[in-house]
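# Overview (structure and organization)
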Amino acid sequence: MSCPRRGGATVAERAGCCLPKLAPRLDAAEARRISNDLAILAHPIRLQILDLLAQYQGQVCVCDLEAALPVKQPTVSHHLKILREAGLITAERQGLWIYYSICCDTVQTMRERLLAQFALLG
């Protein structure tokens, strides 16, 4: 492969001629963390759950979440588990029902991390 800036020099001949000291601003761990954040948010049902919980500052019963979403109970439970494991929501059992609430601090931390990365891109 030839280098357009070096008049057709080969890769071996140019050895970094175009962009000296080119290195990513993200290390592998941070890139993985941002990728995981995006993966958690990349499903429409999870976004809808977060939106529903954000609308109500108190706790929302799982039965209300199931009634509000266009999927069946096992799918809702699956997505709630993912959000709980990510620390974005909490669950509290009260009798037969489980009540969910959003973890504002964790959501804010994720938002800041993603916004900082997107600011670097454009």
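Note that the structure is a prediction, hence the values are computed from the model and not measured.

### Description of the nonpolar core
If you look at the biggest cluster of nonpolar residues, it comprises 19 residues, and the most contacted ones within it are I49, L53, L65, L80, L83, I89 and Y100. Breaking this core down by element, the ones donating at least two residues are α2 (28–41), α3 (44–55), α4 (62–68), α5 (73–85) and α6 (104–121). With five residues, α3 is the single largest residue contributor to this core.

### Remarks on the state of the cysteines
Disulfide: a covalent bond connecting the sulfur atoms of a pair of cysteines. Using the criterion set out here, one finds zero disulfides in the structure. No disulfide involves C63; its sulfur sits 3.0 Å from the nearest other cysteine sulfur, which is in C61. Counting only cysteine sulfurs, C104 is the nearest neighbor of C103, a cysteine outside any disulfide, at a range of 7.8 Å. Residue C103 is classed as buried on the basis of its relative accessible area of 16%.

The rules behind these values
Residues numbered from 1 in each chain as written. Predicted model: local features only at pLDDT ≥ 70, side-chain atom pairs only at ≥ 80, totals over all residues. Heavy atoms only, no water. Core = buried A, V, L, I, M, F, W, Y, C linked by side-chain atoms within 4.5 Å. Buried < 20%, exposed > 50% of the residue type's maximum accessible area, 1.4 Å probe, protein only. Helix = DSSP H or I, 4+ residues; strand = E, 2+ residues; numbered from the N terminus. Disulfide = S-S within 2.5 Å.

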